[in-house]
Amino acid sequence: MNPQFIMDGLVAGAMIGLGAIGVTLTYSILRFANFAHGEFLSWGAYLALTVSGGLGFLATGLTRPIAPFSFGWSLPFALVIAIFLTGLLALALDAVLFARLRSRGSAVIILVMASFGASLALRSLLEFLFTSKPAYYTKALQIAVRLGGGVRATPDQLLSLGVTVVVVVVIHLLLTRTEIGRSMRAVSENPALAGIAGIDVRRVIRFVWFIGAGLACIAGTMTGLLVQIRPYLGHDLLLPLFSAAILGGIGSVPGAMIAGLIVGLSEAGAVQLVGAEWRSAVSFVILVLVLLLRPRGLFGRAA
Amino acid sequence: MSLDLISYAAFFLTMALTYAVMCLGLNIQWGQTGLFNVGIAAFVAIGAYASAILTTPDAPDRLGGFDLPIAVGWLGGALAAGLAAWFVGALTIRLRADYLAIATFGVAVSVQLCVLNIQPLTGGAFGIGFIPRPFNSLAGDPLAFGLANLALMAGLVLVLYLALQHLAKSPWGRVLRAIREDEVAAQALGKRPVRFRLQAFTIGGAIMGLAGAAQGHFIGFIAPDNYLPILTFQVWAMLIVGGSGNNRGAIIGAILVWGIWALSAAAVSAFVPPEQQARAAALQIVMIGVGLCLILLLRPRGLIGESRSLLSTRKSRKP
Amino acid sequence: MNGASHIATAGAPALETRGLVAGYEPDLSIVRGVDLSVASGELLVLLGPNGAGKSTLVKAIAGVVPIHAGTVSIGGREITALPAHRKIGEGLAFVPQTENIFATLSIQENLQIAAAILPKTRRAERIAAMYAQFPDLAVKPARLAGSLSGGQRQMLAIARALMVDPPVLILDEPSAGLSPKIVADVFAMLTDINRTGVTVVLVEQNVKAALAIASRAIILVEGRIGHEGAAQDLLDDPILARLYLGTGQAMEAKRP
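About the criteria used
Within any chain, residue numbers begin from 1 and follow the written order of that chain's sequence. For this description, chains carry letters from A and ligands carry numbers from 1, given in the order in which they are written. Local features in this predicted model are restricted to residues of pLDDT 70 or higher, and side-chain atom pairs are both shown and tallied only at a pLDDT of 80 or more, whereas totals for entire chains, interfaces and linings draw on every residue. In computing side-chain values, all of the structure's heavy atoms are included and hydrogens and water are not. In what follows, a contact means two residues having at least one pair of non-hydrogen atoms within 4.5 Å. Summed over both partners, the accessible area lost on bringing two parts together, with a 1.4 Å probe, is the buried area. Put simply, a salt bridge is a Lys or Arg side-chain nitrogen that is within 4 Å of an Asp or Glu carboxyl oxygen. Polar contacts, as counted here, are pairs of nitrogen or oxygen atoms within 3.5 Å of one another; within protein the pair requires one atom able to donate a hydrogen and one able to accept it, and residues that are adjacent in sequence qualify only if both atoms are side-chain atoms. Counting from the N terminus, the helices are the DSSP runs of H or I reaching at least four residues and the strands are the DSSP runs of E reaching at least two. Here the axes come from fitting lines to C-alpha atoms, over the contacting stretch only for helices, and the angles between their N-to-C directions go from 0 to 180 degrees. Note that the term roughly parallel is reserved for angles under 35 degrees, roughly antiparallel for angles over 145, roughly perpendicular for angles of 65 to 115, and oblique for everything else. Take the far helix as your reference; a near helix turned counterclockwise from it by less than a right angle gives a left-handed crossing, and one turned clockwise gives a right-handed crossing. Residues are grouped as follows: Ala, Val, Leu, Ile, Met, Phe, Trp, Tyr, Cys and Pro are nonpolar; Asp, Glu, Lys and Arg are charged; every other residue, Gly included, is polar. Pairs of strands are assigned from DSSP output, requiring at least two bridges between the strands. Here the term buried applies to any residue with accessible area under 20% of the maximum for its type, exposed to any over 50%, and partly exposed to those in between, with areas from a 1.4 Å probe on protein chains only.

*Asks:* Explanation requested: the interface of chain B and chain A in the structure shown.
*Replies:* Size of an interface, as often reported, equals the accessible area lost when the parts are brought together. Listed by partner, the interface residues are 45 residues for chain B and 48 residues for chain A. On the chain B side of the contact with chain A, Ile102, Phe105 and Leu297 of chain B bury the most area, a combined 15% of that side's loss. Applying the counting criterion to the chain B and chain A interface returns 0 salt bridges. The tally of links between chain B and chain A comes to 7 residue pairs in polar contact (both at pLDDT 80 or more). Of all the elements in the fold, those that place two or more residues in the side of chain B that touches chain A are helix H3 (70-92), helix H4 (97-117), helix H10 (229-242) and helix H12 (277-298) of chain B. Broken down by element, the residue count for the side of chain B that touches chain A peaks at 14 residues, all from H4 of chain B.

Structural data, given as C-alpha cells:
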C-alpha cells in the first residue's frame, strides 16, 4: 500500500474533524442532529471566496501568492471575515427557525426536520447564486514536497494541518479552562440546572452556534483551497461529519477530532484498496459499526 | 387534442399516485410512529432495482434479468426494501431518535453509490431499461394504455389505503398510538416499543419499495438520477402538506405537491432561457426547503391535515 | 450580612407571592392561586399530600415552571417575569430535588459556575468561604461531582446555592433519598444557615423532622393553601395533621 494515503487521510481527516467538532458541540448543547451543519461549510467556503475576491479587487497586491503557498493575503483576511459572517448566518438561522421551535417545546425530531429543510434551502440558494460550476480561491499551481518515506504534501496541505492543530488546541482550552467553556459543559449536562445556577442558557446557545459555524467555515475554506469549492461541498461531507461526531462520542471535542482523523484515514485507505468510487461508503460503514458495537462512541458518556 | 390531454392527465395522475404510495409508506413511519426517515430515495431505489432485476429479460451485459412476471417484481421490490428498512431500524431504533435519521441519510448515500458502481447488477449510471410495463399489449393505443395503468395504480393506492386504515384501527395500530402518546405507560402494559416501532419502520420501507417497483414498471426504465436526495425532499413535502398521521392527507398531498412541482418545472422550461434553467431549478428547491420550514413553524399539523400529530410531543412530567 | 446587590425594601417580606397560578402546560394549572408571605429570617416548611403542588410552587417561584398568573417578589421587588438565571442575581437561590449538581464537572467547577454572577473580585473569596463552611468539599476540589456520596452532593448543591450569599434559599425535598443520619446532618445545616439570617423555604415529605426545625408551616392542598400556622402547633395537633397530610402515618418520617 502506498504510504501517501496517510498524508491524504490526515488532510481529509483534519477537515472532517473540524466540522465534526462543530456538530458535536451543537448536538450536545442543542440536543439535535443538525442536518444544516454541512451547509455552514459550503457557505463558509463561498463567503471566503466572495470576500477574498472583493479584497483582491480593491488591492490587487493581496492576491499575489505568499511563497510557498498558492494564495495571497486576501484569503487569510477573507477567512477571518467569513468566520464572522458564517457565525452570523448560524445565529440568524437559529433566531428565525430553531429558537422558535425550541420555545414552543417541539420534539427533537421536529428540529432535525427543520434543519433538513434549512439545509435544502441553503444549499440550493448557493447553487442559485454561484451555479454548480466548481470555483477556486487561486489559479496558482503548487508542487508537492517530498517529506520522506514516499510521502508528499503541498505547502497548502501542511499549512492546513498546522492551522487545524492550533484551532483544536484553542477550542479545547476554551472548553476546559474558561468560564464560557464551563458554562457550555454545564448546559450540555443539564440546561435547567444551568439556568438556576445563573447561567444565561440562551447566551451559551448563541455562543455555540457561532463557534460551530466558525469552525465549519474554516473546514469549508480549507476543503475549498485543497480540493475545490462547490455548493455540494458541505453536503458531501455531512455523513463523514456525523460519523466522526458519533464515533468520537457526542460532546467530546478531542473525540470528534480523533474520530475525524480515523474517518479520513479510513477513506484514504479505502480509496487505495477498493477504489475512489467507494469513498463515501466508508463513513457509513464506520457509522454502522459504531452504532452496532459502541453507540456512545469512543469518548462519549453513557446515555 | 382532447384525447391527448386525457392521456397526458392519466400519465400525470399515475405518476402522482406512485408518489402517493411512497407518502403512505412514510406516513406509517413518521405520521403514526414518529420515526424520521431521511433516506426515502434509498428504499424507493432498492424496490425499483430489485423489481427491475427480477422482471427484465435476460441481458448479456449484466447479471440477472430473470424475466419473471411484474407481480413478482412488485413483491420482490417491497421485500428487498422492507429488509433494508428492518436492518437500519434494528440498528438504530433503540438509540437516540436522531440516530435513525443519520443512519437513513447514510443509507441514501450508500444506496446511491451502490447503484452507480455495482455495474454488473445495476447497469451503473445508465441504469436499467426494457423494464416490462403493465398492459404493454395496449401500447399501440396511448389512451387505453394510460387509463389502464392509471386504474392499476389507483387500485394499488386504494388497496393500500384500506389496508393501512384497517391497520391503524387494529390492536396493532392502537398499541403504536399508545406508544407514541406515552411510551412509559405502554411499556408498563408489557408492550415493547422497540419491536412495534421496528415493525412500523419495516412496513413503511416495504411500501416505499413497492412504490419504487411500481414506478419503475410504469416508466419502463430506471437510472440512479431518479433516486437523488431531492426525491426524499419531495415525499416529505407531500406528507407535510397533507398533514402527517393522516392517510387521506398523504394521498392528497402527493397529488397536490406533484402537481405544483410538475407545473413549475414546466413553467421553468417554457419561460426561462436554457442557460438559466439550472439556476431556476435550484430556486425551485430553495422554495421547497423554505416551505418545509414555514409549515413546521406556522402550520405544524399540515396544510390540510386534521388528525393529531406528533408535532408537540411534550414529555409527561411529574406534577 | 447580605451583599449590596440585594437591597430590600424595609419591612417587605423576604419572599412573597400573590395569586400565583402555575403549571407545566398552559391549560393545566397545578398551583391554583397561592398567596405566600415569608418574613425575613423565617424557616418555612411547605407540606402537603402528593400532587398538592408543593414542588411546582417552588419551581414556579424559581422560574423553572411557567407562571400563568400572579406575582413573585423578593424583598419587595417583583421578579415574576425574570428568566431563571436572573432570579439568582435578585437574591433567590433554589436547590432542586434531583440532579441538583453538575455531575460531569468537578466540585471546584460547580462552585465556579455559581460564582460567575459575582463581581470578579469577590469570586475567590466566596468560593473559599464555601469550602470553609463545607469542609468535606475542600478535601479534593478537583473530584468529579458525580462521584460524591448522596450527602456530599446535597452539600455541594447547597454550597452552590449559597455562593451568592442569597437572602432567600428555597429547597425542594433536600432529604429525598438520603439515610436518616444524613438527613439529620442536612437539617442541622439548614438550621445553621437560617441562623445566619438567610430566609429558608423548604418543601418536605419528611414531616416530623421538617416541623422540628421550622418556625412556620404551610400545608398545600390541591394547589391552594389549606392551612398555615406555627410549626409547633401542627406538631401538637395530630387531628390537623391527619386531616391534611393523609393518615397519621404521614407524621412518621417515612420515605422510600
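*Asks:* Which parts of the structure should I look at to understand the packing of helix H1 (residues 2-31) of chain B against helix H6 (residues 142-169) of chain B?
*Replies:* In helix packing, the relevant descriptors are the interaxial angle and the interaxial distance, both defined with respect to the helix axes. All names here are of chain B. Two elements in contact, H1 and H6, have axes separated by 9 Å at closest approach and are oriented at 20°. Looking at the two axes, H1 sits roughly parallel to H6. Seen along the crossing, H1 lies across H6 with a hand that is left-handed. Of the residues that constitute the contact of H1 with H6, the class distribution is 19 nonpolar, 5 polar and no charged.

*Asks:* Where do I start with the interface of chain C and chain A in this structure?
*Replies:* Taken together, the contacts link 21 residues of chain C with 17 residues of chain A. Across the chain C/chain A interface, buried area totals approximately 1,700 Å², and carbon plus sulfur atoms make up 61% of it. Contact with chain A buries surface across chain C, with His85, Phe102 and Ile113 of chain C losing the most and accounting together for 33% of the total. Counting across the interface, chain C meets chain A through 2 salt bridges. With a closest N to O distance of 2.7 Å, Glu109 of chain C and Arg185 of chain A form a salt bridge. Counting across the chain C and chain A interface gives 7 residue pairs in polar contact (both at pLDDT 80 or more). Taken together, the elements giving at least two residues each to the side of chain C that touches chain A come down to helix H2 (84-87) and helix H3 (107-115) of chain C. Here the side of chain C that touches chain A is composed, by residue class, of 13 nonpolar, 4 polar and 4 charged.

*Asks:* What exactly am I supposed to notice about the sheet that holds strand E10 (residues 224-230) of chain C here?
*Replies:* Within a sheet, adjacent strands bond to each other through the backbone by hydrogen bonds, running parallel or antiparallel. Residues and elements named next belong to chain C. Spatially, 6 strands are ordered E6-E7-E8-E3-E9-E10 in an open sheet, and the strand pairing comes out mixed. Every interior strand has two partners, whereas the edge strands, strand E6 (92-95) and E10, have only one. Across the sheet, the mean angle separating the axes of adjacent strands is 15° when strand polarity is ignored. One ladder, built from 5 bridges, connects strand E7 (residues 168-172) with strand E8 (residues 199-203); its direction is parallel. Following the sheet pairing, Asp172 is matched in E8 by Val203. The sheet strands contacting helix H7 (residues 180-195) are strand E3 (43-47), E7 and E8, and the helix crosses E8 at an angle near 150°.

*Asks:* Help me understand the packing of helix H2 (residues 40-55) of chain B against H10 of chain B, please; the structure alone is not making it clear to me.
*Replies:* Residues and elements named next belong to chain B. Where H2 meets H10, the axes come as close as 7 Å, and the angle between the chain directions of the two elements is 110°. Judged by the angle between their axes, H2 and H10 are roughly perpendicular. Within the contact between the two elements, H2 uses Ile40, Ala41 and Val44 and H10 uses Leu231, Thr232, Val235 and Trp236. For the contact of H2 with H10, the residue count by class is 6 nonpolar, 1 polar and no charged.

*Asks:* In this structure, what is going on with the environment of Pro134 of chain A? I would like to understand it.
*Replies:* Locating Pro134 of chain A in the fold gives a position in the loop between helix H4 (108-130) and strand E1 (145-148). Sequence-distant contacts of Pro134 of chain A, that is, excluding residues within four places in its chain, are made with Gln228, Ile229 and Arg230 of chain A.

*Asks:* Looking at this structure, I do not really get the sheet that holds strand E5 (residues 77-78) of chain C. What am I missing?
*Replies:* All names here are of chain C. With antiparallel pairing, the 4 strands of this open sheet are ordered in space as E2-E1-E4-E5. One side of each edge strand has no neighbouring strand; the edge strands of this open sheet are strand E2 (31-38) and E5. The sheet contacts of helix H1 (residues 54-62) involve strand E1 (15-22), E2 and strand E4 (67-74), and relative to E1 the element is tilted by about 110°.

*Asks:* For this particular structure, what's the right way to read the pattern of salt bridges?
*Replies:* Enumeration over the complete set of coordinates arrives at 12 salt bridges over all chains. Taking the shortest distance from any N to any O, the salt bridge between Glu267 of chain A and Arg279 of chain A comes out at 2.9 Å. Of this pair, Glu267 of chain A sits in helix H10 (residues 253-274) while Arg279 of chain A sits in helix H11 (residues 279-293), and the two are 12 residues apart along the sequence. Note on Glu267 of chain A: relative accessible area 5%, which makes it buried. Given the relative accessible area of 33%, Arg279 of chain A is considered partly exposed. Sharing partners across several salt bridges, the network here consists of Glu42, Arg216 and Glu228 of chain C.

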